[in-house]
Every structure is written in C-alpha cells, then in structure tokens.
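# Topology and contacts: notes
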Amino acid sequence: MLVITKTNEELEEYIGSFIWDFKIGDNLLYNLKILFSLIEDHKNSKIYNKPISILTIAIIEAIMADFLYRLHGATTHFPNNAVISPEIKIKIKDRLKKETTIKEITVNGEKHTYLRLNNFGFKTMIEIYTEYKLFGRNNEKYKLLMSLSRFRNRVHILNYFGNFEKDETRVFSTYRTQETLDTMFWVIKYFHRNYARPW
C-alpha cells in the first residue's frame, strides 16, 4: 500500500512558497489533484503504479525547471542562503545565460527580441543541479534523481534503452512507486525550506 506523508493542502502551501511561474504553479496543483485521486483509487492494486510514477516524476521535473527559470530571471529574488553561495550564484547565472535562445515577438506592429531559457531535458537538469549542488551535498539524492529519469523513460512501452526489467509489471513495482512519491515529497519540502520566495 502506498504511504502518503503529506496532505494535498500541505503540498499546495509548500509549492506556493517557492514557485516562480504562477502558471506552472497552477498546473502543479492540478496535477497533484490528479495524483492524489489516482492514489486514492489505488487501493493497494499495482495497476495504477505506472501512471502514479510517471506523473510524480513529471511534478518533480516541473519544480526543478521552474527553479532554473527563477535562477535565470531573478534579480532580487535569487535565493540568498547557505545552499547557493555568492560565487556559485555567479557561475549559475553565467551557465544559464549560455543556455538561452533569442526569441522575437511583434507587438502592435513593432518587433521586440528577448532571451528565453532553453527547455532542458530532465537528465540535463539533474546534471545542472548536481554541478552546483542545488540539493545540497548528499550525492545519493542526485543518483536517485538520475535513476528516476531512466525510470520515467519507461513511459514508452518499447524499452529501447533497456531501462530496468523487460516486464513492466516488475518495473512499476509498489516499492519503486513509493520511492518516487517519497522523492517528490522530499523535493517539495527541500524547496520550501531552502528556496522560498521572499514575497
């Protein structure tokens, strides 16, 4: 049976404390409702393990991407804490500046350009978080996230890259599903404790 350590309301409150792009925040809350409904319907059956796992990892990925948008665009809202030193802040800003694309829009017949942060794959995001220790110094967390990126790729029925077992009923075990949920709860709590917005 899957164990839920936080209520949907608690997670909503935590997410509201650190999310940068409010539309991403709205979509996270929507997906959390779906996730909790799937868990409620789960009733100790393994049949929902795959959608629960995939959706949970998608939530983790969205939170991590949102934070990179914040680090790229923030000036006065860049986190100032023990996790991100001033030296690392400069390195992160420089790295993300190189990961942008010039976009052009037309407003009232006038062309404007702006820089937009590239869309990162989950694996690349984990590498950035690892490089700058954005989840602290516990290397096991980064290894777990990298494993989850491979696990998430099992959304594809054809297991082209040979991630985990061949039989999906074994891949999407209750143990792995719980591990995925536990990681999501940990990520949300970590962001709430370490990266809350100042407003």
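Refer to the structure above for everything that follows.
Residues numbered from 1 in each chain as written. Predicted model: local features only at pLDDT ≥ 70, side-chain atom pairs only at ≥ 80, totals over all residues. Heavy atoms only, no water.

### Some details on the overall build of the chain
- The helix and strand tally for the chain stands at 8 helices and 2 strands.
- Listing the helices and strands of the chain from first to last along the sequence gives α-α-α-α-β-β-α-α-α-α.
- Compactness check: the chain gives a C-alpha radius of gyration of 18 Å against a globular reference of 16 Å for 199 residues, within 12% of the reference.
- Counting over 199 residues, the chain shows a buried share of 42%.
- If you take every contact in the chain between residues at least 6 apart in sequence, the share linking residues at least 24 apart comes to 64%.
- Carbon and sulfur atoms form 54% of the exposed surface of the chain, whose accessible area is close to 11,200 Å². (Helix = DSSP H or I, 4+ residues; strand = E, 2+ residues; numbered from the N terminus. Rg over C-alpha atoms; globule rule 2.2 N^0.38 Å. Buried < 20%, exposed > 50% of the residue type's maximum accessible area, 1.4 Å probe, protein only. Contact = heavy atoms within 4.5 Å. Areas by Shrake-Rupley, 256 points an atom, 1.4 Å probe, with all protein chains shown as cover.)

### Looking at the pairing of strand 1 (residues 100-107)
- Pairing of strand 1 with strand 2 (residues 110-117) involves 8 bridges; the strand directions are antiparallel. For Val 107, the partnering residue across the bridge sits in strand 2 and is Glu 110.
- In sequence, strand 1 turns back onto strand 2 through a hairpin of 2 residues, with Asn 108 there showing a positive phi of about 50°. (Pairing = 2+ DSSP bridges.)

### Comments concerning the packing of helix 2 (residues 22-42) against helix 3 (residues 49-73)
- Running from N to C, helix 2 and helix 3 cross one another at 160°; their axes reach a closest spacing of 10 Å. As far as their axial angle goes, helix 3 and helix 2 are roughly antiparallel. For the pair helix 2 and helix 3, the crossing hand works out as left-handed. Here Ile 24, Leu 28, Asn 31, Leu 32, Ile 34, Leu 35, Leu 38, Ile 39 and His 42 of helix 2 lie close against helix 3, whose contacting residues are Asn 49, Pro 51, Ile 52, Leu 55, Thr 56, Ile 59, Ala 62, Ile 63, Asp 66 and Tyr 69. (Axes fitted to C-alpha atoms, helices over the stretch in contact; angles between N-to-C directions. Parallel < 35°, antiparallel > 145°, perpendicular 65-115°, else oblique. Left-handed = near helix turned anticlockwise from the far one by under 90°.)

### Details of helix 6 (residues 139-152)
- The end-to-end C-alpha distance of helix 6, which contains 14 residues, comes to 20 Å, matching closely the 20 Å that a straight helix rising 1.5 Å per residue would cover.
- Among the residues making up helix 6, those that are buried are Tyr 142, Leu 144, Leu 145, Leu 148, Ser 149, Phe 151 and Arg 152.
- The elements touched by buried residues of helix 6 are helix 3, helix 5 (122-131), helix 7 (168-171) and helix 8 (174-194).
- The N-terminus of helix 6 is capped by Asn 138, whose side-chain oxygen sits 3.0 Å from the backbone nitrogen of Glu 140. (Expected span 1.5 Å × (residues − 1). Polar contact = N/O pair within 3.5 Å; in protein donor to acceptor, adjacent residues only side chain to side chain.)

### A word on the environment of Tyr 142
- Tracing the chain through its elements places Tyr 142 in helix 6.
- Not counting chain neighbours up to four residues away, the residues in contact with Tyr 142 comprise Ile 126, Tyr 129, Thr 130, Lys 133, Leu 134, Phe 135 and Gly 136.
- Within polar-contact distance, the side chain of Tyr 142 engages the backbone nitrogen of Leu 134 at 3.4 Å.

### Details of the side chain of Ser 173
- Structurally, Ser 173 can be placed in the loop between helix 7 and helix 8.
- Since its relative accessible area comes to 18%, Ser 173 is described here as buried.

### A word on helix 2
- Helix length check: helix 2, at 21 residues, gives a terminal C-alpha distance of 30 Å against a target of 30 Å (1.5 Å per residue), a fit within 8%.
- When helix 2 is considered as a whole, its buried residues turn out to be Ile 24, Gly 25, Leu 28, Leu 32, Leu 35, Phe 36, Leu 38, Ile 39 and His 42. When helix 2 is viewed along its axis, its buried side chains cluster within an angular range of 155° and face the same direction. When the buried face of helix 2 is taken as reference, the exposed residues oriented beyond 90 degrees from it are Lys 23, Tyr 30 and Glu 40.
- Packed against the buried residues of helix 2 are helix 1 (8-18), helix 3 and helix 8.
- Positive phi shows up at Lys 43, right after helix 2, with a value of about 45°. (Arc of directions from axis to C-beta.)

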